[in-house]
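# Descriptive analysis of the structure
Okay, here's what each chain looks like letter by letter:
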Amino acid sequence: MAALTDAKRIVIKIGSALLVDRTTGDLRADWLVSLAQDVAWLKQNGTDVVLVSSGSIALGRGVLGLGLGTLPLEQSQAAAAVGQIRLARAYEEVLAPHNITTAQVLVTLEDSSDRRRYLNSRATLGTLLGFGAVPIVNENDTVATDEIRFGDNDRLAAQIAVTVGADQLILLSDVDGFYSANPSTDANATRYDVIDRITPQIEAMAGDAGSGLSKGGMKTKLMAAKTAVSAGCAMAISEGFVMRPLTALSNGANATWFTAQTDPQTARKSWIAAMKPMGELTLDTGAVAAVRRGNSLLPAGITGVSGSFGRGDAVALLGPDGEGIGFGLSRYAASEAAQIKGHHSAEIEALLGYPGRAALIHRDDMAL
């Protein structure tokens, strides 16, 4: 597999069992300091880093005096509210000595299933990474109910990896890879170094068991792998209890890598091109040339808007002669696009009554 430092963007998932001592309920502060050193090392090599961190409920339940075991929903949400503050502060304190700015991002399943919210999340995370910050992402356990929950941070991490266009997703867990059977109960279980394709046989090997503090078992990790690799993101399952776990992984520590068959940009553009367009935008000659050079589509280059589409919907892009040149995800609804077409981005606020995004379609949301 390619080295971690070869990736342009990495999402790292940290399980509760790594962050919180099972017996005391306290934060494993020394381990977190070592993780921060790894994050700084990656960023010094020019890699964007996003952390998807469990631990808020595990930390909060200790503060509130709640024991191990399943909690009622209202107690889980109360524990999350208490623990999330401590978790965010802990990350800020260990990364600040490396001059790394942290940002807290709380999401629910609705934020990825709803296209408008998905675009908002993508734009926010992209902007934070552009500023050099490290987003700390967690499920918003204080408000999420079962119908709007991911339920585990393995799949959340995979969705975040897709959202930000990551090259690699690293699941730091209490296991050192994917096994043919549960290694704690089967002496003949073998670990896979690399899995190039997730076959039905591989899926049948996954068990359900998670640790005492985490919710995710091997099935959720396999589901995360399917999401990641389909979007062009390689994924590794690696044991994270050691100090400097990412350095250890880079130096050849036990792990299972799931290989991606394409790259994130190609996978995303294929997904956009396969969507059913809900409308059409006609571009002038200058705009056609600009988008073909890899630029975003600005309102000034639009001469016509047709169809009924909302923000986040796919639209077809047409040249002045009506020739189809590609597809894109619109950042404006059809009625708004009609108001701002032909105008400069600086005029958007005056036309719509609020400051909008400069591009009508961002270049990352376009497939030509």
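Here goes a summary of the coordinates provided. (Residues numbered from 1 in each chain as written. Predicted model: local features only at pLDDT ≥ 70, side-chain atom pairs only at ≥ 80, totals over all residues. Heavy atoms only, no water.)

## Observations regarding the side chain of arginine 122
- Structurally, arginine 122 is set in helix H6 (residues 115-130).
- Apart from residues lying up to four places away in sequence, arginine 122 is in contact with Val162, Thr163, Val164, Gly165, Arg268, Asp364 and Asp365. (Helix = DSSP H or I, 4+ residues; strand = E, 2+ residues; numbered from the N terminus. Contact = heavy atoms within 4.5 Å.)

## Structural notes on the layout of surface pockets
- In this structure, the largest pocket spans a volume of roughly 1000 Å³.
- When the residues that make up the lining of the largest pocket are grouped by side-chain class, the tally is 9 nonpolar, 11 polar and 14 charged. (1 Å grid on protein atoms, 1.4 Å probe; cavity = no way out; pocket = protein on both sides within 12 Å on 5 of 7 lines; lining within 4 Å. Points joined across faces, edges and corners; volume = space filled by probe spheres on them. Nonpolar A, V, L, I, M, F, W, Y, C, P; charged D, E, K, R; others polar.)

## Describing the sheet that holds strand S15 (residues 366-367)
- The strand order S12-S11-S13-S14-S15 describes an open sheet built from 5 strands, whose pairing is mixed. Two strands close off the open sheet at either side, each with one partner strand: strand S12 (302-307) and S15.
- Sheet contacts for helix H11 (residues 264-273): strand S14 (324-329) and S15; angle to S14, the most-contacted strand, approximately 105°.
- The sheet contacts of helix H12 (residues 285-292) involve strand S11 (279-283), S14 and S15, and relative to S11 the element is tilted by about 105°. (Pairing = 2+ DSSP bridges. Axes fitted to C-alpha atoms, helices over the stretch in contact; angles between N-to-C directions.)

## What about H11?
- Residues Pro264, Ala267, Arg268 and Ile272 constitute the buried set of H11. The buried side chains of H11 occupy one side of the element, clustering within an arc of 135° when seen end-on.
- Residues of H11 that are buried sit in contact with H6, helix H9 (218-230), S14 and S15.
- The opening residue of H11, the one whose side-chain oxygen lies 3.1 Å from the backbone nitrogen of glutamine 265, is aspartate 263. (Buried < 20%, exposed > 50% of the residue type's maximum accessible area, 1.4 Å probe, protein only. Arc of directions from axis to C-beta. Polar contact = N/O pair within 3.5 Å; in protein donor to acceptor, adjacent residues only side chain to side chain.)

## Comments concerning the pattern of salt bridges
- Applying the stated criterion to the full structure yields 8 salt bridges.
- Residue lysine 226 pairs with glutamate 203 through a salt bridge whose shortest N-O separation is 3.3 Å. You can see lysine 226 sitting in helix H9 and its partner glutamate 203 sitting in helix H8 (residues 200-205), a full 23 residues away along the chain.
- Judged by relative accessible area, which is 38%, lysine 226 ranks as partly exposed.
- Here the residues in one salt-bridge network are Lys13, Asp154 and Lys221, joined through shared partners. (Salt bridge = Lys/Arg side-chain N within 4 Å of Asp/Glu carboxyl O.)

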